[in-house]
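One letter stands for each residue in the lines below.
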Amino acid sequence: MPLVPCRACGQQVDTSAEACPGCGATNPGHKMSRQQRDLIVTVVQVVVATIILFVAGNMAWNAVGPVVKQQMNKPAP
Ligand SMILES: [Zn+2]
């Protein structure tokens, strides 16, 4: 198993270690904690969902928009 410096204290720890034997930090062999990784995954998902909604909304507006504008520009009877 490869050894890497603990992200908190710098002591050499196994990459598979769940806690640093020196300082007790969780996942010492990983650049970021599991919570941070989960947070990044969540943020990416929200951003991707926003982009998809924006693109889909834009496409829907391009399809429906001209009809709506036409209806709105019609003089009242
Ligand atoms: Zn440590």
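## Some points on the overall build of the chain
And then number 1: Looking only at helices and strands, one finds one helix and two strands in the chain.
And then number 2: Mapped in sequence order, the helices and strands of the chain form the string β-β-α.
And then number 3: Against the compact-globule benchmark of 11 Å for 77 residues, the chain has a radius of gyration of 26 Å, which places it well outside the compact range.
And then number 4: Once the C-alpha set of the chain is aligned to its principal axes, its extents read approximately 80 × 20 × 15 Å.
And then number 5: Taking all 77 residues of the chain together, the buried fraction comes to 12%.

## What to know about the coordination of the zinc ion
And then number 1: Note on the zinc ion: its protein donors are Cys6 (SG), Cys9 (SG), Cys20 (SG) and Cys23 (SG). The metal-donor distances range over 2.3 Å.
And then number 2: Classification of the site at the zinc ion as tetrahedral follows from its four donor atoms and the range of 107 to 113° in their angles at the metal.
And then number 3: Mapped onto the sequence, the donors of the zinc ion take the spacing C-x2-C-x10-C-x2-C.
And then number 4: Take cysteine 20: its relative accessible area is 4%, and that puts it in the buried class.

## Notes on the environment of glutamine 70
And then number 1: By the element assignment, glutamine 70 lies in helix α1 (residues 34–73).
And then number 2: A relative accessible area of 52% places glutamine 70 in the exposed class.
And then number 3: Linking glutamine 70 and asparagine 58, residues twelve residues apart in sequence, is a C-alpha distance of 18 Å.

## A closer look at α1
And then number 1: Over its 40 residues, α1 extends 55 Å from the first C-alpha to the last, a length consistent with the 58 Å expected when each residue adds 1.5 Å.
And then number 2: By the largest-angle criterion, valine 64 marks the main kink of α1, which is about 45°, and a proline, proline 66, follows within four residues.

## A short note on the confidence of the model for the chain
Regions with low pLDDT carry predicted coordinates that are not meant to be interpreted in detail.
And then number 1: For the chain, per-residue confidence averages 89 on the pLDDT scale, and 96% of positions sit at 70 or higher.
And then number 2: Looking over the chain, one finds the lowest element-wise mean pLDDT in strand β1 (residues 3–5), namely 90, and the highest in α1, namely 93.

## Considerations on a nonpolar patch on the surface
And then number 1: Residues Leu39, Val43, Val47, Ile51, Phe54, Val55 and Met59 make up a contiguous nonpolar surface patch of about 710 Å² in total accessible area.
And then number 2: Here isoleucine 51 lies in helix α1.
And then number 3: The exposure class of isoleucine 51 is partly exposed, given its relative accessible area of 49%.

Cut-offs used in this document
Residues numbered from 1 in each chain as written. Predicted model: local features only at pLDDT ≥ 70, side-chain atom pairs only at ≥ 80, totals over all residues. Heavy atoms only, no water. Helix = DSSP H or I, 4+ residues; strand = E, 2+ residues; numbered from the N terminus. Rg over C-alpha atoms; globule rule 2.2 N^0.38 Å. Buried < 20%, exposed > 50% of the residue type's maximum accessible area, 1.4 Å probe, protein only. Donors = N, O, S within 2.8 Å, 3.2 Å for Na, K, Ca; no water. Tetrahedral: all angles 85-135°; square planar, octahedral: opposite > 155°, others 65-115°. Expected span 1.5 Å × (residues − 1). Bend = angle between axes of the 7 residues up to and from the residue. pLDDT = per-residue confidence, 0-100. Patch = residues over 30% accessible without salt bridge, like charges linked within 9 Å, V, L, I, M, F, W, Y side chains within 5 Å. Areas by Shrake-Rupley, 256 points an atom, 1.4 Å probe, with all protein chains shown as cover. Salt bridge = Lys/Arg side-chain N within 4 Å of Asp/Glu carboxyl O.

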